[in-house]
Every structure is written in structure tokens, then in C-alpha cells.
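Now for the letters of each chain:
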Amino acid sequence: MGETMTHSMQFLIVPVLFLIGSAICLGADREPHSFAGARIERLDPALDAVLAPDAKVDKLGEGFRWSEGPTWYVEKDRAGKVIFSGIVFSDVLANTSYRWQEGWPAPQVFLRPSGLYNNAPGFRERGSNGMTRDNEGRLIICQHGERRIVRFEDGAMTVLADKYDGKRFNSPNDATVRKNGDVYFTDPPYGLEGSKDSKLRELDFSGVYRVSKDGKLTLLTKDFNFPNGLAFSPDEKTLYVCSTDGTLPIIAAFDVKEDGTIANKRTHFDSKPYVDPKYPGLPDGMEVDKEGNIWTGGLGGVAVISPQGKLIGRIYTGEQTSNVAWGDDGSTLYVTADYFLLRIKTKTKGAGW
């Protein structure tokens, strides 16, 4: 932990910082999608306070293999001038991350490769997955192929964690950062061929971990087969963890103790009653708004869940939807949905904005 890759890694990444890539082209086997059929499903009057009934879904990019891990990112040059302010996200299957800001006709390549640097067998998803920012605005990246969580800064990757008890992680999936600088992340085996039966697997469990500001790694729980997205309540007294598991498709809640560990696991939201082939996807990546509502990819789009654990509405996209992120002034929700990058304006703001 804490090792900074400053030689070959710089060769791979620094040139990309100045790359203006080509527009992403829609695959030949995919029909154009206008999202004219996207709609807001109001299941409870509480939705009206955070999302307008006529809110529109905008398509910003398309043609990705599996879009994931969006986060708002501001990049500055050495003089402190802003040179990019927009959304960055992963295409896990393409081993590439992209970025987009207002005024661009399409997303452009940001990091390639993004998650595996030397081609190797045994991986189902090689690229980066979840991304977030630390308290200094630096990117935190979950790298499936390299099986680690890193910090991206000045064209180099600093390894925050890559092993537990001397054994390599499965494929770190998503991350979130507390106000004190601690990084929490999940480690399911989704990136490995064969998933939990992969021959590359060194740990026989899928953990939720914390890397404290001083670099100490702590296993918080190994109670899930497939822990996925995670987020804090606005007061950071509760940690939510998505279980993207057909036998346990829940969002769990934990109390966050003073030392940063977690306790008192309980089911905050059970998605089983809402699973329907017409609404693909289980709760996946998520964000919390300032009122404490959870916005999560899954169930046919973006599901909105109250602080009490009730499904109050859904942004139906018609696509299997993986993840979300707040951006702009904190009231715009950016959405990764299979082939697409989308956005929708809300009436609330993300927690912490």
C-alpha cells in the first residue's frame, strides 16, 4: 500500500491527459436509441420533492460495451487553471475510461488502458470500474484487471491497497470516501472469469474494506457474496452496501462506529418484490441526496429509495443501468446504462454538495 507507480505508468497515462479523442461510434449491431420512451414512474408522492414528473433523460454518449463508475471530476493544470470539469466514467469491458464535459459532442478517451496494463488471461472485465474523488479532488479508481484500488494524481497511480492478509483482492468494484479521508470499497469477483469459481481467486470471500488516511487496511465485513455499490448517509452515521446477488438482492445498512468500523447489519431495501424481466438489473452503484434518499442503478433504470427504505419512484431507461453520480452544481444525476451515458436534472442535490 502507498506505493507510487512513477515510471512505466506515467508513459501510459500522461499523454492521455492531453488527448482529444474521436467521438464514440455506435456499434454496428446496435440500433440507435433516442430514449424517447424513458419515463418517470412515481410510486409515492415523496418523489415530487426530488424529481419533476416531466424530467427528461438526455443521452450524452453511446456505443460503449458496459458503462460504469461515473464521478464528477475537475482537473487543473500546474498553475491551478481548470482544464476539465465534467464527468468521467469506465467502460469495464473495453479496458478504457472516458470523460465528457458540457459542449463536447461526445465522450472522449481519458485513460486507456484503465484497469489492466499487461494482457493476461483469466479476466472477464479488465478495465476500471467504480471511481470517486477524495477530499482533495483526486480520483480514486477501482481497477479490476490489476485487482487493486488506486489514487490517480499528476499522471501517476498510487496504490492504496492491493492485498489483504498477503492475498490479492478479487476485483475491487466501487468506492466512497468519508469526510475524514477514509476510503471504503467493495471487492466482489465480477472481474474474474468464472466469478467466485475463478482459478485466479486468492481470497475465498468478497469483502467490504476501509483504507484509513494513514494507509491502514481493515476488513469490515465478508457477509456478502457480491457486495457492489456503497454510499454514506448525509450524516455519515450509516453505510449502505448493495448486494447484487440473485439470492440476496438488497441494500444493507450498517451503523458506522467512531473508529470507522461498521456494525448492526440490517436490510434497508429488499428488491426481490420488484424483480421483473421488464425491469432488468439489481441494485448496483448508488448515490445519496441531501435528504437521505438513495439513487441506485437497477430495476429497469434508476430506483429512488427513501431514507426509510421505501421505493418511491424510478427513472425508467429501458436499459440495464449500472451506476449514477451527482455533477454540475450537485443537482444533475449522471447515469451509466449499458451502452450509454445519460443525465437527468433533479430537484435535489447530492449529499455533501
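For the structure, see preceding data.
So, how was this worked out
Residues numbered from 1 in each chain as written. Predicted model: local features only at pLDDT ≥ 70, side-chain atom pairs only at ≥ 80, totals over all residues. Heavy atoms only, no water. Helix = DSSP H or I, 4+ residues; strand = E, 2+ residues; numbered from the N terminus. Buried < 20%, exposed > 50% of the residue type's maximum accessible area, 1.4 Å probe, protein only. Contact = heavy atoms within 4.5 Å. Areas by Shrake-Rupley, 256 points an atom, 1.4 Å probe, with all protein chains shown as cover. Pairing = 2+ DSSP bridges. Axes fitted to C-alpha atoms, helices over the stretch in contact; angles between N-to-C directions. Phe/Tyr/Trp six-rings, centres within 6.5 Å; stacked < 30°, edge-to-face > 60°.

(A) Geometry of the overall build of the protein chain. Regarding its fold elements, the protein chain presents one helix and 28 strands. The proportion of buried residues among the 353 residues of the protein chain is 60%. Of the contacts formed within the protein chain by residues at least 6 apart in sequence, a portion of 52% connects residues at least 24 apart. Total accessible area on the protein chain is roughly 14,800 Å²; 48% of this is exposed by carbon and sulfur atoms.

(B) The arrangement of the sheet that holds strand β20 (residues 250-256) in detail. With antiparallel pairing, the four strands of this open sheet are ordered in space as β18-β19-β20-β21. Both outer strands of the open sheet, β18 (227-232) and β21 (262-270), are each paired with one neighbouring strand and no more. Taking the axes of each pair of neighbouring strands and ignoring which way they run, one obtains an average angle of 25° across the sheet. Judged from the four bridges that link them, β18 and strand β19 (residues 238-243) form a sheet pairing that is antiparallel.

(C) Layout of the environment of Asn118. Mapped onto the secondary structure, Asn118 falls in the loop between β7 (108-111) and β8 (128-133). Take Asn118: its relative accessible area is 60%, and that puts it in the exposed class. As for Asn118 and Gly145, which are separated by 27 residues in sequence, their C-alpha atoms are 9.0 Å apart.

(D) Structural detail: the packing of aromatic side chains. Under the criterion given, the structure shown has 20 aromatic pairs. Between the aromatic rings of Tyr279 and Tyr316, the centroid separation amounts to 5.7 Å while the plane-to-plane angle is 80°, which identifies the pairing as edge-to-face. Residue Tyr279 is located in the loop between β21 and β22 (286-288), and its partner Tyr316 is located in strand β25 (residues 311-316); the two are separated by 37 residues in the primary sequence. Grouping residues by exposure puts Tyr279 and Tyr316 together as buried.

(E) Structural view of unusual backbone geometry. Between Arg112 and Pro113 the backbone carries a cis peptide bond, its omega angle lying at 0°. In this structure, Asp165 takes a positive phi of about 55° despite not being glycine. Of note, Asp165 is situated in the loop between β12 (163-164) and β13 (167-168). The class of Asp165 is exposed, set by a relative accessible area of 67%. Even without a glycine there, the phi angle at Leu299 is positive, about 60°. Considering the arrangement of structural elements, one finds Leu299 in the loop between β23 (294-298) and β24 (301-305). Residue class for Leu299 comes out buried when judged on its relative accessible area of 1%.

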